[in-house]
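Working through the structure, step by step
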Amino acid sequence: MADAEEFDFGDNVDTATFEQILDMDDADEDDAHEFSKSIVFGFLDQADSTFAKMETSKYVRPDKSIHVVRTLIHYVLRKDKDLKELSSLGHFLKGSSATLGFTKVKDECEKIQHYGQKKDETGATDEPDEEKCLRLIGQSIAKAKTAYDEVKRLMEQYYAKLEGNA
């Protein structure tokens, strides 16, 4: 069995937090790690669809550009709605990734949450420039996805090693 402390997650995973998830596995079962594996890969599936929702925002694109709209009124109302939705999605992923110990994903999703609330990355200072917030959300989505891809790769390797396939 590969102990989480022995596996090199780098700074992508808080091992102490992740081991709390592993502690819920039933060591007496034939597939002793099915419980933690289902939680981890369930999160990864949810994160995939949540990132897709973030990227379908009319104003945040993977290339971080802001979409030009025809009317200022529609633009302001829709943009505000998107900021709130993006903040909510960031909050959702922040909580799930924190529970599993996926630190880099959590950190970027926390920034998305704050920017969506028209705050700076720490959430301490108001940021009234909505276009700047949307641009920063786009950048944080890109960073969160990069961190997510790394965590996914590491988790696939970790569970393959546990199952004796690596």
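Predicted model only: the values in this text are computed from it and were never measured.

**A closer look at the environment of isoleucine 137**
As for its placement among the helices and strands, isoleucine 137 is situated in helix H5 (residues 130-162). Along the backbone, isoleucine 137 and glutamate 121 are 16 residues apart, and their C-alpha atoms lie at a distance of 9.7 Å.

**So, the pattern of salt bridges**
If you walk through the whole model with that rule in mind, you get eight salt bridges. Note that lysine 104 is salt-bridged to aspartate 11, the shortest N-O span being 3.0 Å. Linking lysine 104 in helix H4 (residues 103-116) with aspartate 11 in the segment before helix H1 (15-22), this pair joins segments that are 93 residues apart in sequence. For lysine 104, a relative accessible area of 35% puts it in the partly exposed group. Classification of aspartate 11 as exposed rests on a relative accessible area of 52%.

**Focus: the UniProt feature "modified residue: Phosphohistidine" (unreviewed entry) in the protein chain**
The UniProt entry lists His91 under the feature "modified residue: Phosphohistidine" (unreviewed entry), expressed in the numbering used here. By the element assignment, histidine 91 lies in helix H3 (residues 72-100).

**Some remarks on the nonpolar core**
Formed by 37 residues in total, the largest nonpolar core has its most connected members in Phe9, Phe18, Phe102, Met155 and Tyr158. Among the elements of the structure, H1, helix H2 (34-55), H3, H4 and H5 are those that each provide at least two residues to this core. Among the elements that take part in this core, H5 stands out by supplying 14 residues, more than any other. Not counting residues up to four positions away in its chain, the partners in contact with methionine 155 are Phe9, Val13, Phe18, Val40, Phe41, Leu44 and Phe102.

Rules used in this analysis
Residues numbered from 1 in each chain as written. Predicted model: local features only at pLDDT ≥ 70, side-chain atom pairs only at ≥ 80, totals over all residues. Heavy atoms only, no water. Helix = DSSP H or I, 4+ residues; strand = E, 2+ residues; numbered from the N terminus. Salt bridge = Lys/Arg side-chain N within 4 Å of Asp/Glu carboxyl O. Buried < 20%, exposed > 50% of the residue type's maximum accessible area, 1.4 Å probe, protein only. UniProt positions renumbered as here; feature names shortened; annotations may be inferred. Core = buried A, V, L, I, M, F, W, Y, C linked by side-chain atoms within 4.5 Å. Contact = heavy atoms within 4.5 Å.

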